[in-house]
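These are the residues of each chain, in order.
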Amino acid sequence: MRLIVFAVALLFAVETYAAESWLIPADKIYTAPDAAPLTQGAVLTWGERIQSVVDEKSRPRIPKGTKTADQCRGVVVAGFQNSHVHFTEPVWNDAAHAGADALTRGLEKMLSRYGFTTVFDTGSDQANTVELRARITKGEVRGPRILTVGLPLYPVDGIPVYIKDLPPEVLARMHQPKNAEEARAAVRTNLANGADGTKLFLHTSPDGTAARFMTADVIRAAVEETHAQGKLVLAHPTSLEAIRGALAGKVDILVHTTLGEKAPWDDGIVRQMVAQHMSVIPTFKLWDYELRKQDVPAPIIEKLIADTQTELRAFSAAGGQILFGTDVGYMHEYDPTDEYVYLQKAGLTPAQILASLTTAPADRWNEGAKRGRVAAGQQADLVVLEGDPVEDVRNFAKVRCAFSAGRLIYSAKAP
Ligand SMILES: [Zn+2]
């Protein structure tokens with residue numbers, strides 16, 4: 001009996017960490033993108049959840065051990081999801097054994113300090129990313145919740161030119177299914193090894209010029225296998241032709257708009273995307289970053305990005321679901337400020353940008369009942385901003401504090 005009690009106690013010590021409880025004073029609280037803000041109040045968290053959201057007149061009962069986050073006071077919104085990141089930089093190497101502080105600092109620099117409390121990794125060394133996630137879950141490392149697609153699927157002979165520098169042992173594991181059966185097997189392996197979805201490269205240029213397309217039967221098989229396990233399929237489109245392939249194959253999310261196409265998305269494509277509930281992650285800043293690397297003159301960059309903004313404006317006006325994402329990790333510039341400005345220039349209101357960061361990804365991942373809003377019972381994923389993002393969308397990137405499932409993962413000022 002004593003042995004059993006000891007074993008249970010040990011299990012408990014390994015599986016959990018001390019719950020945190022926070023009282024977060026607020027100048028303003030946006031409980032949801034479409035709700036009028038509360039002025040002067042507070043959010044009380046207990047463990048992983050939000051206990052209550054109160055206005056200035058209420059006096060909530062504060063559980064013993066609650067810490068007051070005075071250093072965080074500001075504008076409270078729900079925690080952000082970045083739906084397009086990569087854990088591919090050297091800081092993540094050997095995540096199972098790397099120092100916890102170094103990993104926490106790496107996560108803080110790339111994600112936590114910008115309020116990302118959930119991130120979707122759309123391609124990395126799967127085993128390593130799963131180790132990184134495990135150390136966050138155990139509480140050794142502080143950072144956002146990580147979802148991942150693990151290793152993406154590519155067209156045959158279609159490893160893109162920009163990832164050819166990866167270590168040969170990683171490149172050797174890249175899936176390039178030749179037929180439906182191999183596609184299903186690749187998806188099953190990824191999901192069995194801890195992936196939360198599937199990523200397809202539909203159109204690549206292995207040497208920077210030749211085009212390789214994923215075939216319709218491979219797309220369809222990968223989608224069916226992923227959906228059968230209740231997960232989503234994300235696709236890198238590159239071209240209009242590949243978007244048509246994604247629509248035919250019932251892909252769920254496009255991880256980019258398409259750059260430099262002769263014709264923009266037409267009404268038919270946009271209507272079909274919306275009808276099939278296909279979501280789009282715009283990554284405007286990435287286009288600027290890539291074109292600057294190629295020394296493209298600024299006026300041409302502006303024109304090319306304006307074309308993709310026109311596409312997104314049409315998609316948004318037709319009721320399409322937009323998910324925020326930056327491709328950070330692949331893109332070494334971490335600050336998302338420019339992306340917020342680009343989204344506003346594409347016609348999104350601050351409330352729509354907030355939705356792309358909170359309620360839209362929660363709904364898309366079927367977790368709307370659990371997260372995405374500031375309400376009692378929801379997961380305590382919270383961001384406190386310095387200023388009101390409705391007055392200036394740049395304020396979305398000016399974060400005082402971030403809490404992921406009730407844990408303080410970033411504080412600009414020491415408590
Ligand atoms: Zn990417």
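A few points on the structure.

Rules used in this analysis
- As a convention, each chain's residues are numbered from 1 in the sequence order in which they are written.
- At least 70 in pLDDT is required for a residue's local features to be given in this predicted model, at least 80 for side-chain atom pairs to be given and counted, and no such filter applies to totals for whole chains, interfaces and linings, which use all residues.
- Remark: hydrogens and water are excluded; side-chain values derive from all non-hydrogen atoms of the structure.
- Here a helix means four or more residues in a row that DSSP labels H or I, a strand means two or more in a row labelled E, and each is numbered from the N terminus.
- When we talk radius of gyration, it's over C-alpha atoms, and the globule rule is simply 2.2 Å times the number of residues to the 0.38.
- Each residue is placed in one exposure class: buried if its accessible area under a 1.4 Å probe, protein chains only, is under 20% of its type's maximum, exposed if it is over 50%, and partly exposed if it falls in between.
- Accessible surface area values rest on a Shrake-Rupley calculation with a 1.4 Å probe, where residue burial reflects the displayed protein chains alone.
- The convention is simple: Lys and Arg are positive, Asp and Glu are negative, and His and the chain ends are not counted.
- Just so you know, the charge point we use is NZ for Lys, CZ for Arg, CG for Asp and CD for Glu.
- As used in this record, nonpolar core signifies buried Ala, Val, Leu, Ile, Met, Phe, Trp, Tyr and Cys residues forming a set joined through side-chain atoms within 4.5 Å.
- Any N, O or S atom lying within 2.8 Å of the metal counts as a donor, with the limit raised to 3.2 Å for Na, K and Ca; because water is left out of the atom set, some sites can appear incomplete.
- Here a salt bridge means any side-chain nitrogen of Lys or Arg lying within 4 Å of a carboxyl oxygen belonging to Asp or Glu.
- Here is the rule: rings of Phe, Tyr and Trp (six-membered ring for Trp) pair when centre to centre is within 6.5 Å. Planes less than 30 degrees apart are stacked, more than 60 are edge-to-face, and the remainder are tilted.
- Paired strands are those between which DSSP finds at least two bridges.

Topic: the overall build of the chain
- Tallying secondary structure elements over the chain gives 13 helices and 17 strands in all.
- Radius of gyration (C-alpha) of the chain: 22 Å, near the 22 Å computed for a compact globule of 415 residues.
- Each principal axis of the C-alpha atoms in the chain carries an extent, and together these give about 65 × 60 × 40 Å.
- Looking at the chain as a whole, 54% of its 415 residues are labelled buried.
- Counting every atom, the chain has about 18200 Å² of accessible surface; 54% of that belongs to carbon and sulfur.
- The averaged location of the 49 negative side-chain charges in the chain is 5 Å from the averaged location of its 45 positive side-chain charges.

Considerations on the nonpolar core
- Membership of the largest hydrophobic core comes to 82 residues, with the highest contact counts inside it found for Phe80, Phe87, Leu200, Met273 and Tyr340.
- Counting residues in hydrophobic clusters, the runner-up holds 17 residues, among them Trp22, Ile50, Phe403 and Leu408.

Describing the coordination of the zinc ion
- With distances of 2.1 to 2.3 Å, the protein atoms coordinating the zinc ion are His84 (NE2), His86 (NE2) and Asp327 (OD).
- Sequence spacing among the residues donating to the zinc ion works out to H-x1-H-x240-D. Linking His84 in strand S6 (residues 80-85) with Asp327 in the loop between helix H10 (298-317) and helix H11 (337-345), this pair joins segments that are 243 residues apart in sequence. For the pair His84 and Asp327, one class covers both residues: buried.

Focus on the pattern of salt bridges
- Applying the stated criterion across every chain, the model contains 20 salt bridges.
- Between Arg184 and Glu224 there is a salt bridge, and its shortest N-O distance comes to 2.9 Å. With Arg184 in helix H5 (residues 180-192) and Glu224 in helix H6 (residues 216-228), this residue pair connects regions lying 40 residues apart in the sequence.
- Since its relative accessible area comes to 40%, Glu224 is described here as partly exposed.
- Because the salt bridges share partners, they merge into one network encompassing Arg184, Arg188, Glu224 and Glu225.

Quick word on the packing of aromatic side chains
- Here the structure, examined in full by the defined rule, presents 11 aromatic pairs.
- Residues Phe120 and Trp365 carry aromatic rings whose centres are separated by 5.1 Å and whose planes lie at 40° to one another, so their mutual orientation is tilted. Taken together, the positions of Phe120 in strand S7 (residues 116-121) and Trp365 in the loop between helix H13 (359-364) and strand S15 (382-385) put the pair 245 residues apart, joining distant regions of the chain. Take Phe120 and Trp365: they sit in the same class, and that class is buried.
- Taken together, the ring pairs connect Phe80, Phe116, Phe324, Tyr340 and Phe396 into an aromatic cluster.

Concerning the sheet that holds strand S9 (residues 197-201)
- Reading across the sheet, the four strands line up as S9-S12-S13-S14 and stay open at both edges, with parallel pairing between neighbours. Bordering the open sheet on either side are S9 and strand S14 (279-280), each of which pairs with just one other strand.

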